[in-house]
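# Secondary and tertiary structure notes
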Amino acid sequence: MKKSIPYGRQNITDEDIQAVNDVLRGDFLTQGPHILQFETEFAEYIGSKYAVAVANGTAALHLSIMALNIKEHDKVITTPITFAASANCVRYCGGDVVFADIDPETYLLDINSVRALLEKSPKGTYKGIIPVDFAGRGVDMEAFKALADEYNLWIIEDACHAPGGYVTDSKSKMQLCGNGNFAELAIFSFHPVKHIACGEGGMITTNDEALYKRLLMLRTHGITRDLSLFKNDINFAAGQSQAEGADFPGWYMEMQTLGYNYRLTDFQAALGNSQLSRAEDGLTKRREIAAIYNAAFVGKSFLKGQSGVIDGHAYHLYILEVDDRLGLYNYLKENRIYAQIHYIPCHLMPYYKQFGWKEGDMPAAENYYKHCISLPMYPTLTSDEQEYVISMINAFYNE
Ligand SMILES: *Cc1c(COP(=O)(O)O)cnc(C)c1O
C-alpha cells in the first residue's frame, strides 16, 4: 500500500468546488448572502436559535469569552485534554484558566472534579466552565448546567469535535451538541480535519438573542448599522441640522465597542453550506468506521481502553489507549499510517506551567496521555485502508 493514510482529512466534492466557483464569479467575496444562509442552515442542523459565522474556531472562542464579559483574573474551568484554544481564549481577555481532571472512562471533563473545585472556594470565585465534546462524544450538558446554575456560572460548550453528535437527556430527549439548551454559547470549527471544512472557519451557536446581537457587533469591529441602537444624534450624523423625522444618512454607522475583524468570507460560507448538506452522510460513515475498529480491537491484550461504540458519538476521533504507544506510533508511521496524539495535556504546556501547573496535578489526564493514540478516522477512509490499519496494529503486537 503506497498511499499514506492520515488520521483525518477533508472530503471535497465537485459540488463543493462548483459552490465556491459560483461565489468567486459573483459580486461578493465577503459578507454576501452565503454567510446568512450558512448561519441559518447550521443553526437548523444543530437545533439552536441563532448562529454567527466567524473566521475560525479560535475566533469563535475569543468572541464568546468577550460576549460574556470576562475580565482580568476571572476564573474559568476547562479540561486539560483539548486543543489549547479552549483554554487560551480565557487568557486573551486576561482571565485565569483553572484545569479540572478528566473522567478516565469518557475522557471528558469530570463533573466531580469540577464540583470539588467549586465546593472548595466561596461562591463567585469562578465565572464559567468550558466543557469540550472531546473526540465527538457529547458532554452531559444537562448535568453541567445544573451545577453551573448552583454556582451562577455561564457555560461555553466547545463542540468543535461534535457537530451532529448528541446526548440523551434525563427526559429521554435527544440533545444535539451545541444546541444551546444547557449552555449560553457553543462553538464549532471548520478546519479541514473537522466534520465540515471551510479551509478556516468557525461558528457560535446560542439561543440568547442579546448574546447573538453582541456577537454580530464584536465580529465586525464593534460596529453597528442598526439605527435603533445609535447613540449619537442625527444632526451630528448628518453633519448638518435635520428636519424632524429625518432619517440617518445612508453612510452612517457607529463603532460602539472594541471588536475585531473575525468575519468568514462568502466563498468559505458557500463551501461550508455545501459540506453541511453532506454532514449526516459523513457522520454515518464515521460511525460505521468506529464500529469496525471496535469489533476488531475489543478484548485485545494490548488494549487499555477505547472510544467504544457510544450512541450519539460524532467520532471526530477514534482513540485507543495502548501499551507501548510510542512503539506503535512509530511502526504505523514507518508503514505510512499517520496516527496522531490528542492531546498533550494543556496544563503541561510550557505556557501554562508558568502559572504553576505541574505533573501530578491531573492524574487521569496525564495517565490517558501516556497511552492514547488516534487512528485514521474520516468518511473517505476506504475499507481496504481501514483493514490495512487494523492488520498493521495487530502485526505490531503479534496478535
Ligand atoms: C479545532 C479546535 C479548536 C479551534 O478551532 P480552529 O478553527 O482551528 O481555530 C478549538 N477547540 C477544539 C476542541 C478544536 O478541536
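Above this text sits the structure in question.
The sections below set out a description of the structure shown in this document. Note that this is a predicted model, so its numbers are computed, not measured.

About the thresholds
- Residues numbered from 1 in each chain as written.
- Predicted model: local features only at pLDDT ≥ 70, side-chain atom pairs only at ≥ 80, totals over all residues.
- Heavy atoms only, no water.
- Axes fitted to C-alpha atoms, helices over the stretch in contact; angles between N-to-C directions.
- Helix = DSSP H or I, 4+ residues; strand = E, 2+ residues; numbered from the N terminus.
- Parallel < 35°, antiparallel > 145°, perpendicular 65-115°, else oblique.
- Left-handed = near helix turned anticlockwise from the far one by under 90°.
- Contact = heavy atoms within 4.5 Å.
- Nonpolar A, V, L, I, M, F, W, Y, C, P; charged D, E, K, R; others polar.
- Buried < 20%, exposed > 50% of the residue type's maximum accessible area, 1.4 Å probe, protein only.
- Near = heavy atom within 4 Å.
- Polar contact = N/O pair within 3.5 Å; in protein donor to acceptor, adjacent residues only side chain to side chain.
- Areas by Shrake-Rupley, 256 points an atom, 1.4 Å probe, with all protein chains shown as cover.

### A look at the packing of helix H1 (residues 14-24) against helix H9 (residues 266-276)
For the pair H1 and H9, the least separation of the axes is 8 Å and the interaxial angle reads 155 degrees. Considering the angle they form, H1 stands roughly antiparallel to H9. Seen from above, H1 lies across H9 with right-handed handedness. For the pair H1 and H9, contact is made by Glu15, Asp16, Ala19, Val20, Val23 and Leu24 and by Asp266, Phe267, Ala270, Leu271, Ser274 and Gln275, respectively. Here the contact of H1 with H9 is composed, by residue class, of 7 nonpolar, 2 polar and 3 charged.

### Digging into the environment of Ile12
Among the structural elements, Ile12 can be located in the segment before H1. Given the relative accessible area of 40%, Ile12 is considered partly exposed. Along the chain, Ile12 and His73 lie 61 residues apart, while their C-alpha atoms are 43 Å from each other. Apart from the residues within four sequence positions on either side, Ile12 is in contact with Ile17, Leu271 and Gln275.

### Overview of the site of the ligand
In the neighbourhood of the ligand, 15 residues make up the surrounding shell, with Gly57, Thr58, His161, Ser189 and Lys194 lying closest. Contacts to the ligand include Thr58, whose side-chain N or O atom sits 2.5 Å from an oxygen atom. Here an oxygen atom of the ligand and a side-chain polar atom of Lys194 are 2.9 Å apart. Coverage of the ligand by the protein amounts to 93% of the 380 Å² it exposes when considered alone. Considering every element that reaches the shell around the ligand, the biggest residue donor is helix H3 (residues 57-67), with 3 residues. Of the residues contributing to the shell around the ligand, the split by class is 5 nonpolar, 8 polar and 2 charged.

### Notes on the packing of H3 against helix H4 (residues 85-92)
Between H3 and H4, whose axes approach to 9 Å, the crossing angle comes to 40 degrees. The angle between the axes of H3 and H4 places the two elements in the oblique class. The interaxial crossing formed by H3 with H4 has right-handed handedness. Residues Thr58, Leu61, His62 and Ile65 of H3 lie in contact with H4, whose contacting residues are Ala85, Ser86, Cys89, Val90 and Tyr92. Here the contact of H3 with H4 is built from residues that sort into 6 nonpolar, 3 polar and no charged.

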